[in-house]
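Residue-level structure breakdown
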Amino acid sequence: MPTYDEALELMHAWTPSESLRRHMYAVEAAMRAYARRFGEDEETWAIAGLIHDFDWEKHPETHPNKGADHLEALGWPAEIVRAVRAHAPERSGVEPETLMERALYASDEITGLITAAVYVRPDRSIHTLTVKSLKKKFKDKSFARGVDREMVRRGAELLGVELWEHVGFVLEAMQADAERLGLAGAASPGD
Ligand SMILES: [Fe+2]
Ligand SMILES: [Fe+2]
């Protein structure tokens, strides 16, 4: 089992882009919150969230398979390697099955919608963003077109959490980590 710092170092080595790093931090924040909620191992879930897209910049065409193969070669635990594959079943052929895999699948796209919703706010702060506002953005198909709404719905269903409760839960997890995600407001350090 890699330590959190080893996982972070590997992710940084493969992902120079700050925006993609922040996406992975956001999924990590959601995974930590869900691990606590379900009484699961927070470190393992955090690492799964932190690493899930680490091969995207190096190997976009084969994502997430080359990355998962690499983790396997490094001797990473099968549960994390499988979760990395299962976050993109359409590309890997591996469906999300375990609770950790379902939480990862469910958290991935919604963090993208939340981040996009913060970027269009005048204050650029996640702290003033509400579920009500996210509902509107979710229904507006022209907003953040890259976010697959069906995947968000399916993820919540797989996780057994009502869709808007899920959205609110991930929003809160991201709010608690706003500085690191660069979503704390217009004057946030690191922007
Ligand atoms: Fe991905
Ligand atoms: Fe992702």
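Predicted model only: the values in this text are computed from it and were never measured. Residue numbers here run from 1 along each chain, matching the order of that chain's written sequence. Chains and ligands are labelled sequentially in the order written, the chains with letters from A and the ligands with numbers from 1. Two thresholds apply to this predicted model, a pLDDT of at least 70 for residue-level local features and 80 or more for giving and counting side-chain atom pairs, whereas whole-chain, interface and lining totals are computed over all residues. As a rule here, side-chain values come from all non-hydrogen atoms in the structure, and water together with hydrogens is ignored.

Concerning the nonpolar core
To define a nonpolar core, start from buried Ala, Val, Leu, Ile, Met, Phe, Trp, Tyr and Cys residues and group those joined through side-chain atoms within 4.5 Å. Working definition: with a 1.4 Å probe on protein chains only, accessible area under 20% of the residue-type maximum means buried, over 50% means exposed, and in between means partly exposed. By size, the foremost hydrophobic cluster in this structure holds 60 residues, and its most contacted members are I51, W76, I114 and I126. The contact partners of I114, leaving out residues within four places of it in the chain, are I126, L129, L134, V167, V170, L171 and M174. Any two residues whose heavy atoms approach within 4.5 Å are treated as being in contact.

So, the packing of aromatic side chains
The geometry of an aromatic ring pair is captured by the separation of the ring centres together with the interplanar angle, meaning the angle of the planes. Each Phe, Tyr or Trp ring, with Trp reduced to its six-membered ring, pairs with another whose centre is within 6.5 Å; inter-plane angles below 30 degrees give stacked pairs, above 60 give edge-to-face pairs, and intermediate values give tilted ones. Under the definition given, this model contains 5 aromatic pairs. Here W14 and F54 contribute two aromatic rings whose centre-to-centre distance is 4.7 Å and whose plane-to-plane angle is 40°, an arrangement assigned as tilted. One end of the pair, W14, is in helix α1 (residues 4-14); the other, F54, is in the loop between α3 (42-51) and α4 (65-73), and 40 residues separate them in sequence. Both residues of the pair, W14 and F54, belong to the buried class. Here Y34 and F38 contribute two aromatic rings whose centre-to-centre distance is 5.6 Å and whose plane-to-plane angle is 10°, an arrangement assigned as stacked. Highlighted residues: Y34 and F38, both in helix α2 (residues 18-38), separated by 4 residues, approximately one helical turn. Using a relative accessible area of 0% as the deciding quantity, one classes Y34 as buried. Take F38: its relative accessible area is 26%, and that puts it in the partly exposed class. Here a set of aromatic residues connected by ring pairs shows up, and it is made of Y34, F38, W45 and F169. Criterion for a charge above a ring: Lys NZ or Arg CZ within 6 Å of the ring centre, and within 35 degrees of the ring normal. Of note, K137 hangs over the ring of F143, and the distance from its end group to the ring centre comes to 5.3 Å. Lying over the aromatic face of F138, R149 brings its terminal NZ or CZ to 5.9 Å of the ring centre. Strands are runs of DSSP state E lasting at least 2 residues, helices are runs of H or I lasting at least 4, and numbering of each runs from the N terminus.

Topic: the layout of surface pockets
The calculated volume of the largest pocket comes to roughly 510 Å³. As for the largest pocket, its lining consists of 25 residues, of which H23, D53, D108, E109 and G112 are closest to the centre. Contributions of two or more residues to the lining of the largest pocket are made by α2, α6 (89-92) and α7 (99-119). With 6 residues, the top contributor of residues to the lining of the largest pocket is α7. Residues belonging to the lining of the largest pocket are distributed by class as follows: 12 nonpolar, 7 polar and 6 charged. A pocket here means an open set of points on a 1 Å grid, computed over the protein atoms alone, that has protein on both sides within 12 Å along at least five of seven lines. A cavity is instead a set of points where a 1.4 Å probe fits but cannot get out; residues with an atom within 4 Å of a point line either one. Grid points are joined across faces, edges and corners, and a volume is the space filled by probe spheres set on the points. Under the grouping applied here, Gly and all other residues not named as nonpolar or charged are polar, the nonpolar ones being Ala, Val, Leu, Ile, Met, Phe, Trp, Tyr, Cys and Pro and the charged ones Asp, Glu, Lys and Arg.

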